[in-house]
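# Coordinate inspection notes
Residue strings, one per chain:
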Amino acid sequence: RITWIRPDDNTPVENDYGDAQFILGVLKLDQAQVAINEVYNLEIDVERLAETNTDDFPGNDQTVESVLNENPQLLSIKDRSRLTKSRELILGAIANVENALRVIESESDSQDDDFIRVSSFDANVIPRTRSYLTRVKQSLTGGGFFTEADPDGNKSKDLILDLQAFFTVGVDFRKDNLLPAVIGNEFEGGEPCLPDPTF
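Residues numbered from 1 in each chain as written. Predicted model: local features only at pLDDT ≥ 70, side-chain atom pairs only at ≥ 80, totals over all residues. Heavy atoms only, no water.

What follows deals with the pattern of salt bridges. Following the criterion strictly, the structure yields ten salt bridges and no others. Salt-bridge contacts for Glu105 lead to Arg130; the nearest nitrogen and oxygen are separated by 2.6 Å. In this pair, Glu105 sits in helix H4 (residues 81–106) while Arg130 sits in helix H5 (residues 125–142), placing the two residues 25 residues apart along the sequence. Classification of Glu105 by relative accessible area gives partly exposed; the value is 41%. The class for Arg130 is partly exposed, based on a relative accessible area of 28%. Two residues, Arg135 and Glu148, come together in a salt bridge whose shortest N-O distance is 2.9 Å. Taken as a pair, Arg135 in helix H5 and Glu148 in strand S3 (residues 146–148) lie far apart in primary sequence, 13 residues in all. Taking the relative accessible area as the measure of exposure, Glu148 reaches 30% and is therefore partly exposed. It is possible to trace a salt-bridge network through shared partners that takes in Arg6, Asp8 and Asp9. (Salt bridge = Lys/Arg side-chain N within 4 Å of Asp/Glu carboxyl O. Helix = DSSP H or I, 4+ residues; strand = E, 2+ residues; numbered from the N terminus. Buried < 20%, exposed > 50% of the residue type's maximum accessible area, 1.4 Å probe, protein only.)

What follows is the structure in structure tokens.
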């Protein structure tokens, strides 16, 4: 446990084990994002794309359709081995955040000066967060769909993902024909949906 002084307002801030667990979880999520990025072919000449789309010649602008046509490997899987690494990092991050919540909630001293704190107004958020993390873990390890309901109750806008499939087999957006058909910069038919609605 250490206390340091904020340079902007000279107030003391306490860092303890709960903070360390939470920050470690955030860092693992960052590492997982890097690992996921290494799975996919994201190689594209962004500078050229930006130059052509921001110059004074609209005739040379690239569209989503032309970028996909010129880069047939973009968004395809190039290294499946990184999927396992990213999955383990996500599970580790969840464990760290769950542990941080337990530790912070069990602290008996005032949390007014803590770097990360759980205050009374968070009471309804904590059970939802725990439920969310549990459902993510279950989908990652045991399969089945992770479902996050649309806040407005529109079932067609629910988020439904099979996280185990995503992190074991992977989703090759180009080879599995998961990208919606695009004409220019618009989805064909004007519907922003994927060909596989279960994705």
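On we go from here.
Next up on the list: the environment of Val171. Within the secondary structure, Val171 is located in the loop between helix H6 (163–168) and strand S5 (182–183). Given a relative accessible area of 9%, Val171 falls into the buried group. Sequence separation between Val171 and Asp113 is 58 residues, and the spatial gap between their C-alpha atoms is 44 Å.

Assignment of secondary structure puts Ser76 in the loop between helix H3 (64–70) and H4. For Ser76, the side chain forms a polar contact with the main-chain oxygen of Gln73, separated by 2.5 Å. (Polar contact = N/O pair within 3.5 Å; in protein donor to acceptor, adjacent residues only side chain to side chain.)

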